[in-house]
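Report on the structure
So you can see what is in the structure, the chains are spelled out below.
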Amino acid sequence: MKTLSTEILVIGGGAAGLSAAAEAASAGAKVMVIESDLHLGGQLVKQTHKFFGSKDEYAGTRGFKIAEILLNEIESCKDNVEIHENTTVTGFYSEDKTFTAMRGEESFFHIQAQKTIVATGAQERLIPFVNNDLPGVYGAGAVQTLMNVYGVIPGKRVLMVGAGNIGLIVSYQLMQAGVEVAAIVEAAPRIGGYWVHAAKVRRMGVPILLGHSIKRAVGDRTITGAYITGLNEKFEPVGEETFVDCDVICIAVGLSPTTEILSQAGCKMMYVPQLCGLVARRDMSMKTSNPDFFTAGDASGIEEASAAMVEGRIAGLSAASSLGYLTEHGKLDEYWSRLQSLRSGEAGARICQGIECVLVNGWEDGRNG
Ligand SMILES: Cc1cc2nc3c(=O)[nH]c(=O)nc-3n(C[C@H](O)[C@H](O)[C@H](O)COP(=O)(O)OP(=O)(O)OC[C@H]3O[C@@H](n4cnc5c(N)ncnc54)[C@H](O)[C@@H]3O)c2cc1C
């Protein structure tokens with residue numbers, strides 16, 4: 001079987017992976033980016049709204065435009081970057097330090113890398129309810145891909161489950177595409193997303209039902225409706241079930257970091273609720289307990305594209321510098337201060353608590369086992 005080799009392997013071509021690749025390649029390292037999707041950009045290419053964050057991370061720019069900016073940056077150092085789209089890293093075998101990869105469904109090959117940056121993003125969570133396997137039940141990411149990448153609406157009338165930023169933004173985008181949103185149900189007693197997004201959908205007449213969830217989907221071959229119910233403080237169903245007329249149920253109940261490759265590489269992992277799941281312990285350079293592996297972006301904890309880009313830059317810079325490439329003095333400190341300012345708001349306080357749990361004070365000093 002063919003074996004490709006590179007100095008730095010970046011797994012995942014989203015906000016974090018592209019930033020990492022650009023940073024490492026501009027320092028002079030040879031970088032290979034592997035992306036399982038048909039195109040680079042990750043979540044960014046589906047985001048038609050203007051992003052929050054800081055000026056350095058393109059606040060006020062639409063998500064897909066940020067992806068274009070990062071791709072232009074990659075283009076400017078293209079001699080050092082090899083890109084494989086439609087290719088998935090399927091595993092890491094520590095015995096011979098080799099990755100297996102698959103291009104499309106036909107071609108298999110091995111990859112060997114001196115350093116690896118795992119920027120694999122996140123997976124959508126789903127919830128159990130009766131008939132949740134009927135066609136017409138979608139994750140919010142799938143709805144965004146259908147609408148914003150392929151220009152296809154998922155149906156005519158949607159029940160949205162989850163009032164975090166993703167549930168709110170996707171509801172708004174559905175309405176922009178001419179789809180009716182019957183209601184948003186949210187199990188928690190408060191809205192998880194930004195008020196500005198909630199206010200927008202409320203102004204368009206969509207009820208946001210707090211302390212409510214879906215009980216069961218109705219339909220034979222496809223969705224013809226759903227029953228929702230109120231929840232008590234223990235999240236147990238209470239009161240009457242209410243029927244909602246809809247042909248799509250969109251699940252937006254959160255994301256979990258995609259970290260299987262880090263586990264396979266033997267990196268010390270930790271379950272951190274504030275970062276939404278199992279993540280690798282890391283030092284300030286985003287290096288894990290396996291000195292050849294770095295982590296960045298949603299794979300290192302669910303946050304925002306702004307933080308994913310800065311973490312990617314830190315990982316790219318650190319990986320290149322660990323191979324002896326000269327990197328600008330003081331850049332790491334600058335990136336850390338950018339991260340700190342991104343995490344200074346109310347939502348950032350929770351992230352900071354999570355980071356405190358996973359961050360080690362350098363791997364060499366023996367304090368982290
Ligand atoms: C609806 C919505 C709205 C958002 N709004 C904002 C906002 O306003 N502001 C903001 O800052 N952020 C926002 N975000 C969050 C932001 O999009 C993400 O935090 C950011 O894109 C994460 O970047 P990433 O590179 O870590 O992951 P991703 O963008 O998910 O990229 C990971 C990539 O890795 C690839 N991959 C995974 N596994 C493999 C493998 N084994 N082999 C090869 N490739 C693999 C995936 O295909 C994917 O392309 C929003 C997200 C959503 C869903």
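Residues numbered from 1 in each chain as written. Predicted model: local features only at pLDDT ≥ 70, side-chain atom pairs only at ≥ 80, totals over all residues. Heavy atoms only, no water.

**Brief notes about the site of the ligand**
Surrounding the ligand, one finds 31 residues, the nearest of these being Ala16, Glu35, Gln43, Asp298 and Ala305. Separating an oxygen atom of the ligand from a backbone N or O atom of Ala16 is a distance of 2.9 Å. For the ligand, an oxygen atom lies 2.8 Å from a polar atom in the backbone of Gln43. Taking 1000 Å² as the accessible area of the ligand by itself, protein coverage stands at 90%. (Near = heavy atom within 4 Å. Polar contact = N/O pair within 3.5 Å; in protein donor to acceptor, adjacent residues only side chain to side chain. Areas by Shrake-Rupley, 256 points an atom, 1.4 Å probe, with all protein chains shown as cover.)

**Focus on the sheet that holds strand 15 (residues 248-251)**
Pairing between sheet strands relies on hydrogen bonds along the backbone, with the strands arranged either parallel or antiparallel. Across the sheet, which stays open at both edges, the five strands sit in the order 8-15-9-10-11 with parallel pairing between neighbours. At either end of the open sheet lies a strand with only one pairing partner, and these are strand 8 (137-139) and strand 11 (208-210). Going from strand to strand, the sheet's axes swing by 20° on average, the running direction of each strand aside. Sheet topology places strand 8 next to strand 15; three bridges connect them, and they run parallel. Paired with Gly139 across the two strands is Ile251, which belongs to strand 15. (Pairing = 2+ DSSP bridges. Helix = DSSP H or I, 4+ residues; strand = E, 2+ residues; numbered from the N terminus. Axes fitted to C-alpha atoms, helices over the stretch in contact; angles between N-to-C directions.)

**Let's talk about the sheet that holds strand 13 (residues 223-231)**
Spatial strand order, 12-13-14: three strands in an open sheet with antiparallel pairing. Each edge of the sheet is formed by a strand with only one pairing partner; in this case those strands are strand 12 (212-219) and strand 14 (237-244). Neighbouring strand axes in the sheet, compared pairwise and without regard to direction, differ in orientation by 25° on average.

**A closer look at the pattern of salt bridges**
Under the definition given, this model contains 14 salt bridges. Its salt-bridge partner being Glu73, residue Arg313 comes within 2.7 Å of it at the nearest N-O pair. Here Arg313, found in helix 7 (residues 305-322), pairs with Glu73, found in helix 2 (residues 63-76); they are 240 residues apart in sequence, far enough to count as distant. For Arg313, a relative accessible area of 9% puts it in the buried group. For Glu73, a relative accessible area of 23% translates into the label partly exposed. The partner of Glu241 in a salt bridge is Lys215, and the shortest N-O contact between them spans 2.9 Å. Residue Glu241 is located in strand 14, and its partner Lys215 is located in strand 12; the two are separated by 26 residues in the primary sequence. Take Glu241: its relative accessible area is 31%, and that puts it in the partly exposed class. Residue Lys215 is classed as partly exposed on the basis of its relative accessible area of 33%. Several salt bridges converge on common partners, so that one network encompasses Glu23, Glu73, Arg313 and Lys331. (Salt bridge = Lys/Arg side-chain N within 4 Å of Asp/Glu carboxyl O. Buried < 20%, exposed > 50% of the residue type's maximum accessible area, 1.4 Å probe, protein only.)

**Some remarks on the domain arrangement of the protein chain**
Domain boundaries assigned for the protein chain yield domain 1 (3-123 + 255-358) and domain 2 (126-251). A C-alpha centroid distance of 31 Å is found between domain 1 and domain 2. On the side of domain 2, 14 residues touch domain 1, which itself brings twelve residues to the contact. With both chains or domains summed, domain 1 and domain 2 bury close to 920 Å², and 53% of this area falls on carbon and sulfur atoms. Of all residues in domain 1, Lys46, His49 and Phe52 give up the largest surface area on contact with domain 2, accounting jointly for 50% of the area buried on that side. Across the domain 1-domain 2 interface, the total number found is zero salt bridges. Seen at the junction of domain 1 and domain 2, the total is four residue pairs in polar contact (both at pLDDT 80 or more). (Domains from an automatic or database assignment. Contact = heavy atoms within 4.5 Å. Buried area = accessible area lost by both parts, 1.4 Å probe.)

**Regarding unusual backbone geometry**
Of note in the backbone geometry, Phe235 takes a positive phi value of approximately 65° without being a glycine. Turning to its location among the elements, Phe235 is positioned in the loop between strand 13 and strand 14. Phi at Cys276 takes a positive value of approximately 75°, unusual for a residue other than glycine. Secondary-structure assignment places Cys276 in the loop between strand 17 (269-272) and strand 18 (277-280).

**A look at the packing of helix 7 against helix 8 (residues 331-342)**
In the contact formed by helix 7 and helix 8, the axes pass within 10 Å of each other and the chain directions differ by 160°. Relative to helix 8, helix 7 is oriented roughly antiparallel. Judged by the twist between their axes, the crossing of helix 7 over helix 8 is left-handed. Contacts between helix 7 and helix 8 involve Ser306, Ala307, Val310, Glu311, Arg313, Ile314, Leu317 and Ser318 from the former and Lys331, Leu332, Tyr335, Trp336, Arg338, Leu339 and Leu342 from the latter. For the contact of helix 7 with helix 8, the class distribution of residues is nine nonpolar, two polar and four charged. (Parallel < 35°, antiparallel > 145°, perpendicular 65-115°, else oblique. Left-handed = near helix turned anticlockwise from the far one by under 90°. Nonpolar A, V, L, I, M, F, W, Y, C, P; charged D, E, K, R; others polar.)

**A closer look at the packing of helix 3 (residues 140-149) against helix 4 (residues 165-176)**
Running from amino to carboxyl end, helix 3 crosses helix 4 at an angle of 30°, the nearest separation of the two axes being 10 Å. By the criterion of interaxial angle, the relationship of helix 3 to helix 4 is roughly parallel. Crossing of helix 3 against helix 4: the hand is left-handed. Only Ile166, Val170, Gln173 and Leu174 of helix 4 make contact with helix 3, whose side of the interface consists of Ala140, Val143, Gln144, Met147 and Asn148. By residue class, the composition of the contact of helix 3 with helix 4 is six nonpolar, three polar and no charged.

**Comments concerning empty space enclosed by the protein**
Summed over all chains, the structure comprises one cavity of 30 Å³ or more. In this structure, the largest cavity spans a volume of roughly 50 Å³. Taken together, His49, Leu168, Ile169, Tyr172, Gln173, His197 and Lys200 form the lining of the largest cavity. Contributing elements (two or more residues each) for the lining of the largest cavity: helix 4 and helix 5 (195-203). Looking at which element gives the most residues to the lining of the largest cavity, the answer is helix 4, with four residues. Within the lining of the largest cavity, the residues separate by chemical class into three nonpolar, three polar and one charged. (1 Å grid on protein atoms, 1.4 Å probe; cavity = no way out; pocket = protein on both sides within 12 Å on 5 of 7 lines; lining within 4 Å. Points joined across faces, edges and corners; volume = space filled by probe spheres on them.)

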